[in-house]
Amino acid sequence: MSAVEDRLAELGLTLPEVVPPLAAYQPAVRSGAYVFTAGQLPLVDGKLPVTGKVGAEVTAEEAAGLARTCALNALAAVKSVVGDLDRVARVVKVVGFVASASDFTGQPGVVNGASELLVEVLGDKGVHARSAVGVAVLPLDAPVEVEIQVEVAGE
């Protein structure tokens, strides 16, 4: 097991299987020294634990937890391309999409769920640039979706 997966275990987390694509795309693609993930939904065992808009049917706290799940799914997608998460030199960028009620403005706090998980797991390598965007609706009525870009060491 890699050091990153040991750290996940210390946090009581396990890397899930890669979420299969819902349409015509790959979960992650490598280009040179970088891996770009597709947007990851908070699917657990192939299902969304909750659906709806943040600020209406879903609380910001619930959505932040879902964003953590999205980040974990993104790490699984990265591993599927590079083979070992210890090869991640750093997370470069995180983009989080939050399906938001019309008056909800807490998107940064929701996406912090993903950002904080990446730092907890990868330490300084998990510190990244980020965008947190409110949207009207996401696939399958998911409350949140996260994509990441990572640099691979030694490339």
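Conventions used here
Each residue is numbered by its place in its chain's sequence as written, counting from 1. The predicted nature of this model means local features are confined to residues of pLDDT at least 70 and side-chain atom pairs, given and counted, to a pLDDT of 80 or more, with totals for whole chains, interfaces and linings taken over all residues. The side-chain values count all of the structure's non-hydrogen atoms but skip hydrogen atoms and water molecules. Where helices and strands are cited, they refer to DSSP runs of H or I of at least four residues and of E of at least two residues respectively, numbered from the N terminus. The reference for a compact globule is 2.2 Å times residues^0.38; the radius of gyration itself is calculated from the C-alpha atoms. Residue burial is assigned from relative accessible area. The probe radius is 1.4 Å, only protein chains are included, and a residue is buried under 20% of its type maximum, exposed over 50%, and partly exposed in between. In what follows, a contact means two residues having at least one pair of non-hydrogen atoms within 4.5 Å. For the charge count, each Lys or Arg is scored as positive and each Asp or Glu as negative, with His and the chain ends excluded. For this purpose, a charge sits on NZ of Lys, CZ of Arg, CG of Asp or CD of Glu. Two strands make a pair as long as DSSP finds a minimum of two bridges between them. Only the contacting stretch of a helix is used when fitting its axis, a line to C-alpha atoms as for every element, and angles between N-to-C directions run 0 to 180 degrees.

**Structural notes on the overall build of the protein**
Inference 1: Scanning the protein from N- to C-terminus turns up 3 helices and 5 strands.
Inference 2: Written out in order from the N terminus, the α and β elements of the protein read α-β-β-α-β-α-β-β.
Inference 3: Since a compact globule built from 155 residues should have a radius of gyration of about 15 Å, the 15 Å found for the protein is in line with a globular shape.
Inference 4: Dimensions of the protein, computed from the C-alpha atoms along their principal axes, are close to 45 × 30 × 25 Å.
Inference 5: Within the protein, buried positions represent 43% of all 155 residues.
Inference 6: Within the protein, contacts between residues separated by at least 24 positions form 81% of all contacts whose residues are at least 6 apart in sequence.
Inference 7: Each charge class in the protein can be summarised by its mean position, and for the 11 positive and 19 negative side chains these summaries are 5 Å apart.

**Remarks on the sheet that holds strand β5 (residues 144–152)**
Inference 1: On the basis of which strands lie adjacent, the open sheet formed by 5 strands has the order β1-β2-β5-β3-β4 and mixed pairing. This sheet does not close on itself; its edge strands, each paired only once, are β1 (28–31) and β4 (129–135). Averaged over all adjacent pairs, the angle separating strand axes in this sheet is 15°, with direction ignored.
Inference 2: Note that β1 and strand β2 (residues 34–37) share 4 bridges and pair antiparallel. Residue Arg30 lies in a different strand from β2, and its bridge partner there is Val35.
Inference 3: Running over the sheet, helix α2 (residues 60–82) touches β1, β2, β3 (88–99) and β5 and is turned about 40° from β5.
Inference 4: In the packing of helix α3 (residues 107–122) onto the sheet, the strands contacted are β3, β4 and β5, and the crossing angle to β4 comes to about 145°.

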